[in-house]
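Chain and residue survey
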Amino acid sequence: MSSDLPPYAQALGIALDHAEDGTPILYFDYSERVAGRPGFLHGGALSGLMEMAAIAALRTELERRGEAMKLKPVNVQVEFMRGGTQQRTFASGSVTRAGRRVALVNAEAWQDDRSKPIALAQMKVLLSPDE
């Protein structure tokens, strides 16, 4: 999967940790490339991780349905719950709706305890047939 990730994800050090019920769980380790204020993750890096998790979940769902689609993100809304600290950060996406033209995907990011997310995101994606 990491070879399927775009250069942006590779630049942040995002990789596949494992899959839960077919849904990819992505992660990155704390490093200078994702650092924000001293000792904490940069919000943009955290948003990027959740965006990649949302796209990975949507691609997985579309592949499961046998649909080859181009994805065009329209907007991403992120809510930061607490500061991410200097440790491994995970993210996963869940497809709320994937119609013929629009998909809605949620994502969450966490560190040591999945029941305590550090950020949540909602993403709207336009779908078009891949020709």
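I will try to describe carefully the structure that is included in this document. Each chain carries its own residue numbering, running from 1 in the written order of its sequence. Only residues with pLDDT of at least 70 are given local features in this predicted model, and only at 80 or more are side-chain atom pairs given and counted; all residues enter the totals for whole chains, interfaces and linings. Note: side-chain values were computed over all heavy atoms of the structure, leaving out hydrogens and water.

**Considerations on the pattern of salt bridges**
Throughout this description, the term salt bridge denotes a Lys or Arg side-chain nitrogen within 4 Å of a carboxyl oxygen of Asp or Glu. Under the defined criterion, the tally for this structure stands at seven salt bridges. When the shortest N-O distance is used, the salt bridge between R88 and D17 registers 4.0 Å. Linking R88 in the loop between β3 (69-80) and β4 (89-98) with D17 in strand β1 (residues 15-20), this pair joins segments that are 71 residues apart in sequence. Look at R88 and you get partly exposed, because its relative accessible area is 32%. Exposure remark for D17: the relative accessible area of 33% places this residue in the partly exposed category. In this structure, E20 engages R114 in a salt bridge whose closest nitrogen and oxygen atoms are separated by 2.6 Å. Remark: R114 occurs in the loop between β5 (102-110) and β6 (119-129) and E20 occurs in strand β1; sequence separation between them is 94 residues. One continuous salt-bridge network, built from bridges that share partners, spans E61, R64, R65 and E67. The way it works is that DSSP assigns letters per residue, a run of H or I at least four long becomes a helix, a run of E at least two long becomes a strand, and they are numbered from the N terminus. Here the term buried applies to any residue with accessible area under 20% of the maximum for its type, exposed to any over 50%, and partly exposed to those in between, with areas from a 1.4 Å probe on protein chains only.

**A word on the sheet that holds strand β2 (residues 23-28)**
Only strands that DSSP links by at least two bridges are regarded as paired with each other. Taken in spatial order, the six strands make up an open sheet running β1-β2-β4-β5-β6-β3, and their pairing is antiparallel. The open sheet has two edge strands, β1 and β3, and neither has a second partner. Neighbouring strand axes in the sheet, compared pairwise and without regard to direction, differ in orientation by 25 degrees on average. With eight bridges joining them, β4 and β5 adopt antiparallel strand pairing. Across the sheet, the residue bridging to A91 is A109, located in β5. Sitting on the sheet, helix α2 (residues 43-64) is in contact with β2, β3, β4, β5 and β6, with an inclination near 45 degrees to β4. Helix axes are fitted only over the stretch in contact, all axes being lines through C-alpha atoms; the angle between N-to-C directions runs from 0 to 180 degrees. Throughout, a contact is declared for two residues whenever any of their heavy atoms are within 4.5 Å.

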